[in-house]
Amino acid sequence: MSGARLTPSTATAAVALVLAATACGSAETPTGSNTDAGITIFNTEPENPLIPGNTTETGGSRVLDPMFTGLVEYRAQDAQPVNAMAESIETTDSKVFTVKLKQGWLFHDGTPVTANSFVDAWNWTAYGPNATQGASFFSQIEGYAAVNPADPDGPDGEQKPPAPTAEELSGLEVVDDHTFTITLSEPFAVFPVTVGYEVFAPLPESFFKDRAAFEANPIGNGPFKYVSRTVGTDIKLTRYDDYKGTDKPKFKDLTLKVYQSRESAYADLVSNNLDFMEELPPNALAGKQYETDLGDRVVQRETLNNQTIAFPFYTKPYDNADLRRAISMAIDREEITKRIFEGTRKPADGWVHPLMKGYRPGQCGEYCAFNPAKAKEALAKSGYTGEIVLLSNTDGGHQEWAEAVVNSVKNTLGIEARFVPSTSFGEFRQNVNARKMTGIYRSGWIADYPSIENWLTPLFRTGASSNDGLYSNPAFDAKLAEADKAPSEDAAIELYLEAERMMAPDLPSIPLWTQNTIAGRSERLKVANLDPFRTLDLFSVEVA
Amino acid sequence: MGRYVLRRLLQMVPVFVGTTFLIYALVWAVPGDPFEGKCGERDCPASYVSMMRERFNLDDPLPLQYWKYLVNLVQGDFGVTSSGVQVLDRIAATFPVTLRLALVALLIEAVIGVTAGVVSGLRDRGFLDSLVLVSTLFLISIPVFVTGYVVQLVFGLQLGWIAPTVTTPTFGNLIVPGFVLASLSMAYVARLSRASIAENRRADYVRTALAKGLPTRRVVGVHLLRNSLIPVLTFLGTDLGAFLGGAIVTEGIFNVPGVGGLVFRSILTKDGAMVTGVVTVLVLVYLLMTLLVDLLYAVLDPRIRYD
């Protein structure tokens, strides 16, 4: 392994060669970093064929993300969307968006990226019979119901979904080679922010001619192109030197190595055989072992996920707002984050993540602050005297804090409280989906796209996709609808914040804390940063 | 002999059908929807789930599902996983790696185990005998995952003598994981051969051979060893089968891209097609290994006949 790597002395020679070969191209190369080096990063085996519209799990995303550049990309520093392939995305009514593409971009096979590359790819992904994982992301575009009709009795039912009545989304229209329009079925001011997600990536013509060939050798338009794949071992990518984006990778080859277990990957990371791993295994986190093992090679940052406790509104007594407030005010977030997470979590004071543009602190108000007196008062008002049950799966290391929360509730309120573990995440989710929860339960959220809206609508709007607890508040829904229709993103943010404020007294879930992700890098990497989505920011990587 | 082999092969058919049915039923009966968690944090779209259910015949009754699977299987079609990878291709890629690991482990186990057993068996109650007894007791009482992590931590991370994981699964790189994998069985083999040797040492034929004036080396090497190795051989044979399927822990620790890791990950991701496919192959290997061991008896002991 180490023999195949460049030693420091040959590395400088390689840099000199690159500088000579590409002359002006890499003039801003930082001195001392090796732009011709290859790095290996941790990955899990992709669970699906490598097509952007059909990949929503992390193992596949980590491969496709560097290979494709969409209309917008999210900045690694603050998760804000910036135009990538889009020259501009304009709208006057938040319903019809006109997209102008940058010219001169090519796919890795040399064909140009045009408006059709986007429109055809989106139509393909949304089309029901193609059965893609990403189809639902297109549901806001006009004509989605016609190309992807809902299954009348759910996916497990006897009936087959009806045949689609159209093959293409009526809301997409190509104007010219580099312009297309998107019409939504309802106004949605935040829409341009959502299209940075990888299911919105463009696809080259060759994909539609021969899908199998594409899966065997995916062709993108991003900073890295596909080289080879050994199923179960690794996937190799290399820098695409004709990449037109503003940021250029400062290293050449990217190998995504598949590991049998996180623990074995961690052993390789510690001994510098692996260059980056973005989430360390539990045995490294326990007792801060990683600090001893990695020292200054620990990479840490606050990322876009939070931990909450959800309520089953369909089960008594959790439909009682006073009881919900009593539980929330009885949890000592400061103490638990300090004791159990040793400061790697930050107490939350609202439902919107602090990294979001427009975030306002303290939106949850007094209901998210530890206050034993008020908590007891609220409990007395609720009239409830029975026990509180907290449910969670334990395979993700949730037992400790769940027990701490239960104890905090028990000691503060003086009523019986108990933690009920379930062994697997799959089983737990199944019960959540089937609305079979018998107590309050652990929940969390990872942002799909960086917008305040993503922390509210999918979780708390009546009938929304991830509103598992069946919370419903017509006034809150109306405020969200108003925000969706706002003429600009800034106006929308104001209205979403109002909506967040409105649901505080209802307390549809208890915000607990937001999270730091702890990653590690090898000694070879001078710089390697995490982005807010818990993955390595490839553009930041500098090899010594 | 030919008839015996044929009979044994025919007996394999019901065993094969029975085991594959059990595996199939158990794999798809694991609680939790196989498409739960496939689409990241959110639920999979209905059209995706219904297509997958159709592809894996999940809407049919279980016997019919199994029948369809079996018909494909006997035609050599192991099916495709949900990620579009051919199950047979994956088996073909991972099996040789595990076979290599198993052979390394078997060699270590046989050489060290039998040597230790013979040495201590010949020296009743001596220092070497006690040493073998104590060290095997030590090995037997430590689970493989502890041995594996300790070896990785001490020799890989702290001392830096070995690479902590296996990058390319060549025979040389597999020696360390092979040692870990063999450690437990090595102790058993040593004790088994020790007991066998100690017992046969007092047998009449050994006394006769010695009385005839044969050199001790020849008595031990040919007469004693040949008879004493029959139970050891049974153990080694079935152990090879166990190594092939049971290397999950070792492969996980040392990141060996073999069958064990494949099964483990497929169970975690609820990839039923892959699990049934691999385990079916393992069942076949196990059946063939036992047959091979039985046939080897006849070679070692001419009194054992199969007709």
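Residues numbered from 1 in each chain as written. Chains lettered and ligands numbered in written order. Predicted model: local features only at pLDDT ≥ 70, side-chain atom pairs only at ≥ 80, totals over all residues. Heavy atoms only, no water.

Undergrad: What's the story with the overall build of chain B in this structure? I'm lost.
TA: Per the secondary structure count, chain B includes 12 helices and 0 strands. Reading chain B from its N terminus to its C terminus gives the helix and strand order α-α-α-α-α-α-α-α-α-α-α-α. On the principal axes, the C-alpha backbone points of chain B span a range of 85 × 55 × 30 Å. Sequence-distant contacts in chain B: of pairs separated by 6 or more residues, those separated by 24 or more amount to 76%. Surface accessibility of chain B: about 15000 Å² in total, with carbon and sulfur atoms responsible for 69%. For chain B, the distance from the average site of its 25 positive side-chain charges to the average site of its 20 negative ones is 13 Å. (Helix = DSSP H or I, 4+ residues; strand = E, 2+ residues; numbered from the N terminus. Contact = heavy atoms within 4.5 Å. Areas by Shrake-Rupley, 256 points an atom, 1.4 Å probe, with all protein chains shown as cover. Lys, Arg positive; Asp, Glu negative; His and termini not counted. Charge placed at Lys NZ, Arg CZ, Asp CG, Glu CD.)

Undergrad: What's the story with the overall build of chain A in this structure? I'm lost.
TA: Counting its regular elements, chain A contains 18 helices and 19 strands. Overall size of chain A, expressed as C-alpha extent along the three principal axes, is 75 × 60 × 45 Å. Of all 544 residues assigned to chain A, the portion counted as buried reaches 57%. Of the contacts formed within chain A by residues at least 6 apart in sequence, a portion of 68% connects residues at least 24 apart. (Buried < 20%, exposed > 50% of the residue type's maximum accessible area, 1.4 Å probe, protein only.)

Undergrad: Teacher, can you tell me more about the interface of chain B and chain A here?
TA: Accessible area lost upon the coming together of the parts is a frequently used measure of interface size. Contact residues are listed per partner, giving 40 residues for chain B and 44 residues for chain A. Both sides of the chain B and chain A interface together cover about 3500 Å² of buried area, and 52% of this is carbon and sulfur. Joining chain B to chain A, the criterion identifies 0 salt bridges. Of all the elements in the fold, those that place two or more residues in the side of chain B that touches chain A are helix 2 (46-55), helix 6 (144-158), helix 10 (248-254) and helix 11 (259-268) of chain B. (Buried area = accessible area lost by both parts, 1.4 Å probe. Salt bridge = Lys/Arg side-chain N within 4 Å of Asp/Glu carboxyl O.)

Undergrad: What am I meant to see in the UniProt feature "transmembrane region" (unreviewed entry) in chain B here?
TA: All names here are of chain B. Per the UniProt record, "transmembrane region" (unreviewed entry) is annotated on residues 12-30, 97-119, 131-151, 171-192, 232-254 and 274-300. Note that residues 171-192 is 82% helix and 0% strand, and that its end C-alpha atoms are spaced 27 Å apart. What you have in residues 274-300 is 100% helix and 0% strand, and the ends, taken at the C-alpha atoms, are 39 Å apart. (UniProt positions renumbered as here; feature names shortened; annotations may be inferred.)

Undergrad: In this structure, what is going on with the environment of Thr230 of chain A? I would like to understand it.
TA: Residues and elements named next belong to chain A. Relative to the helices and strands, Thr230 is located in strand 8 (residues 224-230). With a relative accessible area of 42%, Thr230 lands in the partly exposed category. With 305 residues separating them in the primary sequence, Thr230 and Thr535 have C-alpha atoms 22 Å apart.

Undergrad: Mind showing me how you'd approach the environment of Gly84 of chain B here?
TA: Mapped onto the elements, Gly84 of chain B comes out in the loop between helix 3 (62-74) and helix 4 (87-122). With 115 residues separating them in the primary sequence, Gly84 of chain B and Glu199 of chain B have C-alpha atoms 57 Å apart.

Undergrad: Would you mind showing me how to read the packing of helix 1 (residues 2-29) of chain B against helix 3 of chain B here?
TA: The relative placement of two packed helices comes down to the angle between their axes together with the axis-to-axis distance. All names here are of chain B. Running from N to C, helix 1 and helix 3 point in directions that differ by 125°, and their axes come no closer than 11 Å. Classed by the angle they form, the pair helix 1 and helix 3 counts as oblique. Seen from above, helix 1 lies across helix 3 with right-handed handedness. Judged by residue contacts, Phe16, Val17, Thr20, Phe21, Tyr24 and Ala25 of helix 1 engage Leu62, Gln65, Tyr66, Tyr69, Leu70 and Leu73 from helix 3. For the contact of helix 1 with helix 3, a count of residues per class yields 10 nonpolar, 2 polar and no charged. (Axes fitted to C-alpha atoms, helices over the stretch in contact; angles between N-to-C directions. Parallel < 35°, antiparallel > 145°, perpendicular 65-115°, else oblique. Left-handed = near helix turned anticlockwise from the far one by under 90°. Nonpolar A, V, L, I, M, F, W, Y, C, P; charged D, E, K, R; others polar.)

Undergrad: Can you help me understand the nonpolar core in this one?
TA: One recurring pattern in soluble globular proteins: nonpolar side chains tend to sit buried together. Counting residues in hydrophobic clusters, the biggest one holds 133 residues, and the most contacted among them are Trp122, Phe138, Phe180 and Ile182 of chain A. Non-local contacts of Phe138 of chain A, meaning those with residues more than four positions away in its chain, are made with Trp122, Thr125, Ala126, Tyr144, Leu169, Val199 and Phe200 of chain A. Grouped together as the second largest cluster of nonpolar side chains are 59 residues, Phe78, Val166, Leu236 and Leu244 of chain B included. (Core = buried A, V, L, I, M, F, W, Y, C linked by side-chain atoms within 4.5 Å.)

Undergrad: Which parts of the structure should I look at to understand the environment of Leu507 of chain A?
TA: Residues and elements named next belong to chain A. Considering the arrangement of structural elements, one finds Leu507 in the loop between helix 18 (489-503) and strand 17 (509-521). Between the C-alpha atom of Leu507 and that of Ala417, which follows or precedes it by 90 residues, the distance is 19 Å. Residues within four places of Leu507 in sequence aside, it is in contact with Phe311, Arg324, Arg325, Ser328, Trp351, Cys364 and Tyr367.

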